[in-house]
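Residue-level structural notes
Below, each chain spelled out in residue letters.
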Amino acid sequence: MTDKNWVKIEFASDTKNVAFARTALALFASQLDWTLDEIEDIKVAVSEAVSNSVIHGYELQEGVIKLEASYEEDILTISIEDFGKGITDIAQAKETGYSSIPEERMGLGFTFMHEYMDEVVVLSEIQKGTKVTMNKKVQAQEGS
Ligand SMILES: Nc1ncnc2c1ncn2[C@@H]1O[C@H](COP(=O)(O)OP(=O)(O)O)[C@@H](O)[C@H]1O
Ligand SMILES: [Mg+2]
């Protein structure tokens, strides 16, 4: 039988829930055989995507964030979706160091997501929202 599983979580857009999402996702991801470093990488990627929804998508106002995660065999897929303001120029948003609020933010969120996950796909529509889907494959561990 294929080893697979999935979870869906919906939560309020609030900076307090960034830690919740990161930890919940780490617990789910732990069902696969990652190194501790890889788990840390996944947590960073999730934190960055969720904070983007809270800070940019909803501009710290009320909103709903959907987190979905699943795996099939050794590939983990995570998606974070908001129904906020959307991204005008996705290519520009992904540039290292680009931030629409440079006085407050470093503009490294998407760079970290790309660095720590194998694939990052961003879909966004103005005034409709943004969905970031990322996946990562478990690397064969030494001695196994
Ligand atoms: N969910 C989102 N909704 C709207 N805009 C977003 C979202 N995620 C990212 N962005 C835009 O992309 C830019 C770059 O994101 P990121 O690389 O995380 O840098 P930072 O968050 O430091 O600004 C943000 O400044 C913002 O303009
Ligand atoms: Mg960011």
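Read on for an overview of the structure. (Residues numbered from 1 in each chain as written. Chains lettered and ligands numbered in written order. Predicted model: local features only at pLDDT ≥ 70, side-chain atom pairs only at ≥ 80, totals over all residues.)

Attention shifts here to the overall build of the chain. Looking only at helices and strands, one finds 4 helices and 5 strands in the chain. Each helix (α) and strand (β) of the chain, taken in turn from the N terminus, gives the series β-α-α-β-β-α-α-β-β. The globule rule puts the C-alpha radius of gyration for 144 residues at 15 Å, and the 15 Å found for the chain is close to it. Within the chain, contacts between residues at least 6 apart in sequence are counted, and of these 65% link residues at least 24 apart. (Helix = DSSP H or I, 4+ residues; strand = E, 2+ residues; numbered from the N terminus. Rg over C-alpha atoms; globule rule 2.2 N^0.38 Å. Contact = placed C-beta atoms within 7 Å.)

Of all hydrophobic cores here, the largest spans 28 residues; its most connected members are Leu25, Ala45, Val46, Val50 and Met113. In terms of residue count, the dominant contributor to this core is helix H2 (residues 36-57) (7 residues). Non-local contacts of Leu25, meaning those with residues more than four positions away in its chain, are made with Ile42, Val46, Leu67, Ala69 and Ile78. (Core = buried A, V, L, I, M, F, W, Y, C linked by C-beta atoms within 7 Å. Buried ≥ 20, exposed ≤ 12 C-beta atoms within 10 Å, placed from the backbone.)

Let us now look at unusual backbone geometry. One non-glycine residue, Glu59, lies in the positive phi region at around 45°. Residue position: Glu59 is located in the loop between H2 and strand E2 (64-72). Positive phi, close to 65°, is recorded for Gln127, a residue that is not glycine. Structurally, Gln127 is set in the loop between strand E4 (119-125) and strand E5 (129-137).

The subject of this paragraph is the environment of Lys131. With respect to the helices and strands, Lys131 occurs in strand E5. When the C-alpha atoms of Lys131 and Leu67 are compared, they prove to be 9.7 Å apart, with 64 residues separating the residues in sequence. Aside from chain neighbours lying at most four places away, what touches Lys131 is Ser79, Glu81 and Leu123.

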